[in-house]
Amino acid sequence: MSLPFNIASHLDTSLRAAAGQLGMLDRGFEPEVRVADPTHGDFQANGALAFAKREKQNPRVLAQQIVDRLGGLAGDFEIGLAGPGFINFRLKPAALLAWLLAYDSETHLQTGAARARAGQKWIVDYSSPNTAKQMHVGHLRSAVIGEAICRLLAFSGAHVVRDNHIGDWGTQFGKLIWAYKRHLDPAALAAEPLEEFERLYKLGNNAAAADSAVLTAAQQELVRLQNGDAGNLAIWQKINDASLAAFQQIYDQLGIKFDVTLGESFYNDKVDRVYRELTAGGLAQESEGALVVFHPEHPRFKTQPFIVRKKDGASNYASTDLATILYRAEHFQVDGAAYVIDFRQSDHLAQLFLTARKWFEKTGRKLPQLEHVDFGTVLGENNKPLQTRDGEHIRLKALLSEARERAYSLVTARSPEAPEAERRAIADIVGVASVQYADLAQNRSSDYVFAWDKMISLEGNTAAYLLYAVARVHSIFRKAGMDVLQPPIAGASAPATAAEINLARKLTQFADAVQLATNSLRPHYLCTYLHELAGEFSTFYGADKVIVDEAPVRARRLLLCHRTLVVLETGLHLLGLRPLERM
RNA sequence: GCACCCGUAGCUCAAUUGGAUAGAGCGCAUGGCUACGAACCAUGAGGUUGGGGGUUCGAGUCCCUCCGGGUGCGCCA
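Predicted model only: the values in this text are computed from it and were never measured.

Caption draft 1: Representation of the pairing of strand β4 (residues 86-91). Note: strand β2 (residues 43-45) against β4, three bridges, orientation antiparallel. Across the sheet, the residue bridging to F43 is F89, located in β4. Two elements, strand β3 (residues 77-82) and β4, share six bridges in a ladder whose sense is antiparallel. Counterpart to E78 in the pairing with β4 is R90.

Structural data, given as structure tokens:
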């Protein structure tokens, strides 16, 4: 019997069966299987300890009773008992070989992984910039982390809807339209539309500040827009279209393609229902002229209101966010929604989710699982939010160009003999991947310091280290005149050297890394894994020559190389990075 | 004032959510290219996990309390 894709779940199942025979299952036994330190084994089960503690039994005796009922695993694992009651599992070389033979492509890895969330539907709300403004460094993390999360969820079998919840209905449009009508430079609009919109907005803003007549005129433009004035709507539409086209240039570099772009304007006609239902349900109340929701049971939200309608009657982002949840539940019928948004909006989202829960309860609806995927700030090397020297936001477009340029200098220094076009192509991938990876590799909850040297110096836990490992595998096949798509692995013997075994066992842990990253919505777990895998490969590469005369040895080493390639490339795809064959 | 997040090696960060001797990378020291890519590998030094108390078989992780940093708190999103 061959091992399934996810070995940890396989062990979990067997342990539950054994515990069931002992009558432990209905008393809350949890196997707690996890990847183990190599000194102990490949996987370990800790569940006997917690269970014995609760039941006031001897954990070691308990663990032994479980082990005695794991006979079915004896073919694939060496099973041991250690310490106060840890159960250790070490894969036998033949089992490692069998797993490697079975999972031979990204498709088959995905088939294995896709059981976890088959039938689920998730919507991921990420990027979500404001229109009429350029994307800046503050938009980087949501886009990069959000895309990785989409890919992880999809890989795990979920149907994923990528939603760009753009800010396309702000009060800024009054001043912008006022200026647009009077000061538009058509040539600038054609060349760099967002530059032109920003110039116009500043112009309108300054004029309104200096002259109250202009301010009034701008406010009237906004009212006209909101009342459906055809001319203003056309301008508004043009601004949004141009903005989205400019955003897409960034998204193309980051490998992002949205399924839907449903911004705030989309929910304009859907907020009245929110007001009605919240009021009818007794959840919302008038306060200082506004419609607000309090949460008496909450230490802070009992006094900090959730303002769902402003005193002037207008909606705000609380109203549209509530309407958005309803739309996602009714129209998309999602099981879950992930909001990839800055940690500074934690209060807003907590109030939003709390309000939605009560609202859905009152109205008898099923609330999707709502997750705030928060992340910290991108800091400069002075530990302050990253800015240009004159205190402006750093534009994403410029940041990505600089990444490509820096990578180009490096590639040129390393490989001056390569053709210009090839160096450019490599640099485009390495540069952007470095930025993405630097963001993903760190636990999203904390701030991170943006340091060019660290991310493109190509050492340590960086994109380049992973890409280098990929390039070296390709190189082995290329030099040996073999087709990497048809690796000659027939007759491969089981992993035998220390480096081979360490690499093989690391490969089998891919499933666990994906599951951990997906369930916690934290891509850095996958990054850590891929870095460790690339490290095991480098060690193996240095220790054991692949192209040797002895056929079974050569075949098994080619097998390891090929599977390393498949897992690394699959992992890079999951993070939203593009692999390359040479660098 | 109230609330939330953070504090781990000189630096940047992990630690599978309470598990085994707290691990990586950078930097530092030493060694390795006539071996498939040295953008690499091997070995080594480096820690009172901000301080103190508590919970238990077991705490970087949970609770309390100080210290230090960040963020949010009625009509921007």
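Caption draft 2: Up close: the sheet that holds strand β8 (residues 290-293). Reading across the sheet, the three strands line up as β7-β8-β9 and stay open at both edges, with antiparallel pairing between neighbours. Among the strands making up the open sheet, the edge pair consists of β7 (284-287) and β9 (306-309). Neighbour-to-neighbour, the strand axes of this sheet turn through a mean angle of 45°, independent of strand direction. Note that β7 and β8 share four bridges and pair antiparallel.

Caption draft 3: Representation of the nonpolar core. Within the largest apolar cluster, 155 residues are counted, with the highest numbers of intra-cluster contacts made by F89, F510 and L526. Residues contacting F510, with those up to four places away along its chain left out, are F5, L109, F155, L526, Y529, V567, T570, G571 and L574. In this structure, V260, L291, F306 and V308 belong to the second largest nonpolar core, which totals 34 residues.

Caption draft 4: Up close: the pattern of salt bridges. For the structure on display, the rule yields 35 salt bridges. For the salt bridge of E221 with K181, the shortest nitrogen-to-oxygen distance reads 2.9 Å. Pair noted here: E221 is in helix α10 (residues 212-226) and K181 is in helix α7 (residues 172-183), with a separation of 40 residues, a long-range link. On the accessibility criterion, E221 (3% relative accessible area) is buried. Relative accessible area serves as the criterion here: at 40%, K181 is assigned to the partly exposed category.

Caption draft 5: Seen up close, the sheet that holds β3. The strand order β1-β2-β4-β3 describes an open sheet built from four strands, whose pairing is antiparallel. The open sheet has two free edges, formed respectively by β1 (33-35) and β3, since each of these has just one partner strand. Pairwise comparison of adjacent strand axes, ignoring direction, gives a mean angle of 25° for this sheet.

Caption draft 6: Structural view of the packing of aromatic side chains. Under the defined criterion, the tally for this structure stands at 20 aromatic pairs. Between W99 and Y103, the ring centres sit 4.9 Å apart and the planes meet at 40°, which makes this aromatic pair tilted. The two residues W99 and Y103 agree in class, both being buried. The interplanar angle of 90° and the centroid separation of 5.3 Å between the aromatic rings of W359 and F360 together place this pair among those described as edge-to-face.

Caption draft 7: Expanded view of the pairing of strand β10 (residues 336-340). Counting buried residues along β10, five of its five residues qualify, which places the element largely inside the surrounding structure. The sheet contact formed by strand β5 (residues 121-125) and β10 spans four bridges and is parallel. Opposite I123, over in β10, you have A337 as the bridge partner. For the handedness criterion, the β-α-β arrangement of β10, helix α14 (residues 346-362) and strand β11 (residues 369-373) is classed as right-handed.

Caption draft 8: Quick peek at helix α6 (residues 140-155). The end-to-end C-alpha separation of α6 is 23 Å, in line with the 22 Å expected for 16 residues at 1.5 Å each. Once α6 finishes, G157 follows within two positions and takes phi at roughly 105°, a positive value.

Caption draft 9: Focus on the side chain of E147. Looking at the element boundaries, E147 is found in helix α6. You can call E147 buried: its relative accessible area is 2%. Setting aside residues no more than four positions away along its own chain, E147 makes contact with Y126, S142, R162, G255, I256 and K257.

Caption draft 10: Examining the domain arrangement of chain A more closely. Along its sequence, chain A is carved into domain 1 (7-91), domain 2 (172-254) and domain 3 (396-575). Computed over C-alpha atoms only, the centres of domain 1 and domain 2 are separated by 64 Å.

Caption draft 11: Expanded view of the side chain of T324. Note that T324 resides in helix α13 (residues 317-332). Looking at T324, the relative accessible area reads 2%, which means it is buried. Here T320 takes part through its backbone oxygen, which lies 2.5 Å from a polar atom of the side chain of T324. Contact partners of T324, with chain neighbours within four places excluded, come to H165 and Y267.

Caption draft 12: Inspection of helix α21 (residues 524-543) at higher detail. With 20 residues, α21 should cover 28 Å at 1.5 Å per step; its first-to-last C-alpha distance of 28 Å lies within 8% of that length. Of the residues making up α21, those classed as buried are H524, L526, C527, Y529, L530, L533, A534, G535, F537, S538 and F540. Those residues of α21 that are buried are in contact with α6, α16 (420-440), α18 (463-479), α19 (498-508), α20 (510-519) and α22 (551-575).

Caption draft 13: Region of the structure containing the packing of helix α15 (residues 396-414) against α16. At a closest axis distance of 7 Å, the pairing of α15 and α16 adopts a crossing angle of 125°. By the angle between their axes, α15 is oblique relative to α16. Both α15 and α16 take part in a crossing whose hand is right-handed. Only E420, R423, R424, I426, A427, D428, V430, G431, V432 and V435 of α16 make contact with α15, whose side of the interface consists of L399, L400, A403, R404, E405, A407, Y408, V411 and T412. Here the residues of the contact of α15 with α16 sort into 11 nonpolar, two polar and six charged.

Caption draft 14: Just the packing of α21 against α22, in detail. Between α21 and α22, the shortest axis-to-axis distance is 10 Å and the interhelical angle comes to 155°. Judged by the inter-axis angle, α21 sits roughly antiparallel to α22. Note on packing geometry: the crossing formed by α21 with α22 is left-handed. Judged by residue contacts, L526, C527, Y529, L530, L533, F537 and F540 of α21 engage R557, L560, C561, T564, V567, L568, G571, L572, L574 and L575 from α22.

Reading the values: the criteria
- Note on numbering: residues in each chain are counted from 1, in written sequence order.
- Chains and ligands are labelled sequentially in the order written, the chains with letters from A and the ligands with numbers from 1.
- The model is predicted, so local features are restricted to residues of pLDDT at least 70 and side-chain atom pairs to those at 80 or more, both for listing and for counting; the totals for chains, interfaces and linings are taken over all residues.
- Only hydrogens and water are set aside when side-chain values are computed; all heavy atoms of the structure are taken into account.
- Only when DSSP finds a minimum of two bridges between them are two strands counted as paired.
- Every helix listed is a DSSP run of H or I at least four residues long, and every strand listed is a run of E at least two residues long, numbered separately from the N terminus.
- An axis is simply a line fitted to the C-alpha atoms; with a helix, the fit covers only the stretch in contact. Between two such axes, the angle follows the N-to-C directions and lies from 0 to 180 degrees.
- In this text, buried Ala, Val, Leu, Ile, Met, Phe, Trp, Tyr and Cys residues form a nonpolar core when linked through side-chain atoms within 4.5 Å.
- Burial classes: relative accessible area under 20% of the type maximum marks a residue as buried, over 50% as exposed, and values in between as partly exposed (1.4 Å probe, protein chains only).
- In this description, contact between two residues means that some pair of their heavy atoms is separated by no more than 4.5 Å.
- Each salt bridge in this description consists of a side-chain nitrogen of Lys or Arg and a carboxyl oxygen of Asp or Glu lying within 4 Å of one another.
- Only the six-membered ring of Trp is used, alongside the rings of Phe and Tyr, when aromatic pairs are assigned; centres must lie within 6.5 Å, and planes under 30 degrees apart are stacked while those over 60 apart are edge-to-face, with the rest tilted.
- We call a crossover right-handed when, viewed with both strands directed away from the observer, the connection leading from the first strand over the helix to the second proceeds clockwise.
- To estimate the expected span of a helix, subtract one from its residue number and multiply by 1.5 Å.
- For the purposes of this description, domain bounds are those given by an automatic or database domain assignment.
- Counted as a polar contact is a pair of N or O atoms within 3.5 Å, where, for protein atoms, one must be capable of donating a hydrogen and the other of accepting one, and residues adjacent in sequence contribute only when both atoms are in side chains.
- Should an angle lie under 35 degrees it is considered roughly parallel, over 145 roughly antiparallel, and from 65 to 115 roughly perpendicular; all remaining angles are considered oblique.
- By the definition used in this description, the sense in which the near helix is turned from the far one sets the handedness, with an anticlockwise turn below a right angle giving left-handed and a clockwise turn giving right-handed.
- All amino acids are sorted into three groups, where Ala, Val, Leu, Ile, Met, Phe, Trp, Tyr, Cys and Pro are nonpolar, Asp, Glu, Lys and Arg are charged, and the leftover types, Gly among them, are polar.

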